[in-house]
Amino acid sequence: MVSVELREILKILGDFRLEIESLKAKEGEFLTLLGPSGCGKTTTLRIIAGFEKPDRGEVLFNSKVMNEIPPYERNIGIVFQDYALFPHMTVFKNIAFGLELRKLPREEIEKKVRWALKLVGLEGFENRYPEQLSGGQQQRVALARALVIEPEVLLLDEPLSNLDAKIRERLRGEIKRIQKELSITTIYVTHDQEEAMAISDRIAVMNDGRIEQVGKPLELYYTPKTEFVAKFLGLSNIIELEAENGKARLGKLCFNVSKDGKVRIFFRPESVYITEGDFAEIVSYELLPGRIRLRLSIEGKEIIAERFLDELPFKVENMPKKVGVQVKSFALL
Ligand code: ATP
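Analysis parameters
- Residues numbered from 1 in each chain as written.
- Predicted model: local features only at pLDDT ≥ 70, side-chain atom pairs only at ≥ 80, totals over all residues.
- Pairing = 2+ DSSP bridges.
- Helix = DSSP H or I, 4+ residues; strand = E, 2+ residues; numbered from the N terminus.
- Axes fitted to C-alpha atoms, helices over the stretch in contact; angles between N-to-C directions.
- Domains from an automatic or database assignment.
- Contact = placed C-beta atoms within 7 Å.
- Nonpolar A, V, L, I, M, F, W, Y, C, P; charged D, E, K, R; others polar.
- Core = buried A, V, L, I, M, F, W, Y, C linked by C-beta atoms within 7 Å.
- Buried ≥ 20, exposed ≤ 12 C-beta atoms within 10 Å, placed from the backbone.

(A) Spotlight on the sheet that holds strand β10 (residues 210-215). Sheet architecture is open: six strands sit in the order β6-β7-β8-β3-β9-β10, paired in mixed fashion. Because the sheet does not close on itself, it has two edges, and the strands there are β6 (76-79) and β10. When strand polarity is set aside, the average angle formed by the axes of neighbouring strands in this sheet is 15°. Sheet analysis places strand β3 (residues 30-34) next to strand β9 (residues 202-207), joined by four bridges and oriented parallel. By the bridge assignment, L34 is partnered in β9 with V205.

Here is the structure:
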């Protein structure tokens, strides 16, 4: 197993500046680069692959500097958003391509291709052409092609973006299963926060050419260090309050912050519980499948709460104008 590390990377592309002080995917880890369009995810992946040379800094595999090693000698498997299959070749030929380049004996190629087909659940599809496959199946072929060479590092650049929601969910579960089965160090690029949360061991959130925060999915979700990370990962409540004697108050809410002065309190809508009471006004609400999202106002500050319907102390048909609120966990931003 291999670790992948970036140290003091700088890459300038026109007006864009990518600067990564340090980032490490541990041996066998699934690390995701998550961020909005144009933040530098693909460029980072291309630097790891060796398609792009950094202006400064080092790429290391198992602590060995790789900067001068060309992509085809880095022992990496790559999957792109658009599958990039050879249209005139069968599934078998597509997957066998890398092995044929390496001049492996026929029998070994057959064996490895069958292994890869089984791994991605495409046994029996070997004689089809890409145009005879659905998008999800084409991406499975691309994954098999990347894995058949038994790479030490797997790089995936938005592999699910072109697929519809259902297939996307199924395939992301399978990518995760295969990654764990092979214990292959994986770096995955996406702009979709739900996908990143579902699939990753750790996530590096990127913004404008920099890494904002690296952490486990729930760590980032519940204790983001910056407003950008908080907002990028989902609906957020961020309220500014004045703390006195270590407590910040809003209506009957009291946050123990153990410092005084201005504080910024962050919590997710799921951390807000609705009780019987009268200090929070219901501004509006919307129904989601099985759940409800409420917009509440407390002393002029808006708070979003999200609960399962059966957690409410009243029926939706008898929605009161005012309720009580409890916040069960929060973080300081
Ligand atoms: P997306 O999700 O849209 O692919 P990304 O986060 O992967 O975005 P990159 O593709 O890494 O972002 O691009 C980062 C920035 O670098 C963008 O602003 C892009 O326009 C710019 N860029 C990329 N390649 C070049 C290039 N060859 N010359 C000039 N600018 C470039």
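Picking up after the structure, the text goes on.
(B) Focus on the domain arrangement of the protein. Its domain assignment divides the protein into domain 1 (4-232) and domain 2 (237-332). Summarising the inter-unit geometry, the C-alpha centres of domain 1 and domain 2 are found 39 Å apart. Contact residues are listed per partner, giving five residues for domain 1 and five residues for domain 2. Classifying every residue of the side of domain 1 that touches domain 2 gives three nonpolar, one polar and one charged.

(C) Expanded view of the nonpolar core. Ranked by internal contacts, the top residues of the largest apolar core, which has 77 residues, are I95, A116, A144, L155, I187, V205 and V325. Of all the elements, helix α4 (residues 135-147) adds the most residues to this core, at six residues. Residues from two domains meet in this core; each of domain 1 (4-232) and domain 2 (237-332) gives at least three. Contacts of A116, omitting those with residues within four sequence positions, involve I95, A144, L147 and V148.

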